[in-house]
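# Coordinate analysis (summary)
Residues per chain are reported as follows:
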Amino acid sequence: MNPHFPAFKRIITNPVLFKFFVFQKLSSAFWAGLSIAHFDEKSCGVRVKLSWFNQNPFRSMYFAVEAMAAEMSCGMLAFGQVYKRQPAVSMLVEKLEAKFIKKATGVIIFTCEDGEALRDTVNEALANPAGSKLQVTSIGRNQAGEIVAEFVFTWTFKAKNL
């Protein structure tokens, strides 16, 4: 595990620091109303509530907002593993696949449970000059626990200056 992960977790799990972090680094997520439902080394849940700002003309959540929340659920786990690493590690989404199953209304929580695989992939990137890739999944559920969308992201990681 990244020795700086606990420091990153303190930022992400503190509501005020999280808002500042998101406003500074991911301003569109701030305006869309994304928040952290839970966060640890193994999983991350991102909450988004349907509002006038993030809805489409059909009174459901705009698909890009769903994608943003899904990416954040995986990205926070990845960012926690690259946070303050030496050498620094770059991370990038290479590919995205999405399946929309049910209309997204109310509160949706996107959860990624691939934290351990992300940790191992970042460690592999530090040992391999070519970098590494990993597919991770984020599943969005409504308040009734029904799946509304599934996203699969392919993340790439590469150590800088290896």
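Here the structure is a predicted model, which is why all the values come from computation and not from measurement.

### Considerations on the overall build of the chain
Check the secondary structure of the chain and you find 5 helices and 6 strands. Written out in order from the N terminus, the α and β elements of the chain read α-α-α-β-β-α-β-β-α-β-β. Over its C-alpha trace the chain gives a radius of gyration of 16 Å, about what one expects of a compact globule, namely 15 Å for 162 residues. The principal-axis extents of the C-alpha atoms in the chain amount to approximately 50 × 30 × 25 Å. Across the 162 residues that make up the chain, the buried fraction comes to 41%. For the chain, the share of sequence-separated contacts (at least 6 apart) that also reach a separation of at least 24 residues comes to 71%.

### Quick look at the state of the cysteines
Simply put, the disulfide is a covalent bond whose two ends are the sulfur atoms of two cysteines. Under the criterion given, the structure shown has 0 disulfides. Cys112 supplies the cysteine sulfur nearest to Cys44, a cysteine that is in no disulfide, at a spacing of 7.8 Å. Unpaired in this structure, Cys112 has its nearest cysteine sulfur neighbour in Cys74, at a distance of 3.4 Å. Using a relative accessible area of 0% as the deciding quantity, one classes Cys112 as buried.

### Details of the packing of aromatic side chains
The final tally for this structure, using the stated rule, is 17 aromatic pairs. By way of ring pairs, the aromatic residues Phe5, Phe8, Phe21, Phe39, Phe79 and Tyr83 are connected into one cluster.

### Description of unusual backbone geometry
With an omega of 0°, the peptide bond running from Gln86 to Pro87 counts as cis. With respect to the secondary-structure elements, Pro87 resides in the loop between α4 (63-82) and β3 (89-100). A positive phi angle is found at Arg59, which is not glycine, with a value near 60°. Within the secondary structure, Arg59 sits in the loop between β2 (44-49) and α4. One non-glycine residue with positive phi stands out, namely Lys84, at about 60°. Along the chain, Lys84 falls in the loop between α4 and β3. Among the residues examined, Lys84 registers a relative accessible area of 52% and is labelled exposed.

### Observations concerning the sheet that holds strand β5 (residues 132-141)
The strand order β1-β2-β4-β5-β6-β3 describes an open sheet built from 6 strands, whose pairing is antiparallel. Edge positions in the open sheet fall to β1 (35-39) and β3, since each of these has one partner strand only. Averaged over all pairs of adjacent strands, the angle between their axes in this sheet comes to 25°, without regard to strand direction. Note that β3 and strand β6 (residues 147-159) share 11 bridges and pair antiparallel. Each bridged residue has a counterpart across the sheet, and for Lys95 the counterpart in β6 is Thr154. Across the face of the sheet, helix α5 (residues 115-127) comes into contact with β3, β5 and β6 while running at roughly 160° to β5.

### Description of the environment of Ser60
Structurally, Ser60 can be placed in the loop between β2 and α4. Considered as a pair, Ser60 and Ala104 are 44 residues apart in the sequence and their alpha carbons are 5.4 Å apart. Every residue in contact with Ser60, bar those within four places of it in the chain, is listed here: Leu50, Asn54, Gln55, Lys103, Ala104 and Thr105.

### Some details on the pattern of salt bridges
Counting across every chain of the model gives 6 salt bridges. A salt bridge links Glu116 to Lys42; the shortest N-O distance between them is 3.8 Å. Taken as a pair, Glu116 in helix α5 and Lys42 in the loop between β1 and β2 lie far apart in primary sequence, 74 residues in all. Glu116 gets classed as partly exposed once you look at its relative accessible area, which sits at 38%. Between Arg119 and Asp120 there is a salt bridge whose closest N-O contact spans 3.1 Å.

What counts, and at which threshold
- Residues numbered from 1 in each chain as written.
- Predicted model: local features only at pLDDT ≥ 70, side-chain atom pairs only at ≥ 80, totals over all residues.
- Heavy atoms only, no water.
- Helix = DSSP H or I, 4+ residues; strand = E, 2+ residues; numbered from the N terminus.
- Rg over C-alpha atoms; globule rule 2.2 N^0.38 Å.
- Buried < 20%, exposed > 50% of the residue type's maximum accessible area, 1.4 Å probe, protein only.
- Contact = heavy atoms within 4.5 Å.
- Disulfide = S-S within 2.5 Å.
- Phe/Tyr/Trp six-rings, centres within 6.5 Å; stacked < 30°, edge-to-face > 60°.
- Pairing = 2+ DSSP bridges.
- Axes fitted to C-alpha atoms, helices over the stretch in contact; angles between N-to-C directions.
- Salt bridge = Lys/Arg side-chain N within 4 Å of Asp/Glu carboxyl O.

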